[in-house]
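# An overview of the molecular structure
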Amino acid sequence: MPEKKGIKIVATNRKARHDYFILETYEAGIELVGTEVKSIRAGHVNLKDSFCQVKDGEMYVYQMHVSPYEQGNIFNKDPMRPRKLLLHRREIMKLYAQVKQDGYALIPLSIYFKNSRLKLEIGVAKGKKMYDKRAAMAERDTKREMDRAIKAHNFR
């Protein structure tokens, strides 16, 4: 069977961009069992409230919910189990150093298939305060109003 080319996004963590400033992004492979891959291919994955941590020199993603595959019977695993991420050692150490700083976290942003391999996009994030969220909302509203005005002006 030929490999499929391109990128197919399966799920995104929209809440992450609302709650955090994303400073850097990384692409990581993820270690899964066969039934989990089939379930993710069907779109049964949730990244909300998930996070990444470095433990014993290896990176894991926690609280990522992968629903059990319907035809998986005894081969299904715990939907909330920690899953190992596949990164180079120097990338893991760099991320670990950044996370040790105050207020930084590793947040999964999206999960997607890239050339038939499952990848997880991780963001180095800094938490937003409430006034930051209000400022971002005000900025979006003004941009939307400007776009509407330009569009209305172009129709005349």
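Bear in mind that the values here come from a model prediction, so they are computed numbers and not experimental data.

### Brief notes about the pairing of strand S8 (residues 104-114)
Counting buried positions along S8 gives eight out of 11 residues, so the element sits mostly inside the fold. Two strands pair when backbone bridges link them, and strand S1 (residues 7-12) and S8 are joined in this way by five bridges, in the antiparallel orientation. Across the sheet, residue lysine 8 finds its bridge partner in S8, namely phenylalanine 113. Here 10 bridges tie S8 to strand S9 (residues 117-127), and the two strands are oriented antiparallel to one another. Looking at S9, one finds that tyrosine 112 is bridged to lysine 119. Remark: two residues form the turn of the hairpin made by S8 and S9, two consecutive strands paired antiparallel; asparagine 115 in that turn has positive phi of roughly 50°.

### A few points about the packing of aromatic side chains
Under the defined criterion, the tally for this structure stands at two aromatic pairs. Taken together, Phe51, Tyr60 and Tyr62 form an aromatic cluster joined through their ring pairs. Between arginine 41 and the ring centre of phenylalanine 113, over which it is positioned, the NZ or CZ distance is 4.3 Å. Positioned over the ring face of tyrosine 104 is lysine 126, at 5.1 Å from the centre of the ring.

### Some words on the confidence of the model for the protein
Per-chain confidence: the protein averages 88 in pLDDT, with 96% of residues scoring 70 or above. Mean pLDDT across the secondary structure elements of the protein bottoms out at helix H4 (residues 130-155), with 86, and peaks at strand S5 (residues 58-62), with 95.

### With respect to the nonpolar core
Residues Ile40, Met59, Met64, Leu85, Ile111 and Ile122 are the most contacted members of the largest nonpolar core, which totals 24 residues. Elements that contribute at least two residues to this core include exactly strand S2 (20-30), S5, helix H3 (89-99), S8 and S9. Broken down by element, this core gets its largest block of residues, four residues, from S9. In contact with isoleucine 111, not counting residues within four places along its chain, are Ile9, Val10, Ala11, Ile40, Val45, Leu47, Met64, Leu118, Lys119 and Leu120.

What counts, and where the lines are drawn
- Residues numbered from 1 in each chain as written.
- Predicted model: local features only at pLDDT ≥ 70, side-chain atom pairs only at ≥ 80, totals over all residues.
- Heavy atoms only, no water.
- Buried < 20%, exposed > 50% of the residue type's maximum accessible area, 1.4 Å probe, protein only.
- Helix = DSSP H or I, 4+ residues; strand = E, 2+ residues; numbered from the N terminus.
- Pairing = 2+ DSSP bridges.
- Phe/Tyr/Trp six-rings, centres within 6.5 Å; stacked < 30°, edge-to-face > 60°.
- Lys NZ or Arg CZ within 6 Å of the ring centre and 35° of its normal.
- pLDDT = per-residue confidence, 0-100.
- Core = buried A, V, L, I, M, F, W, Y, C linked by side-chain atoms within 4.5 Å.
- Contact = heavy atoms within 4.5 Å.

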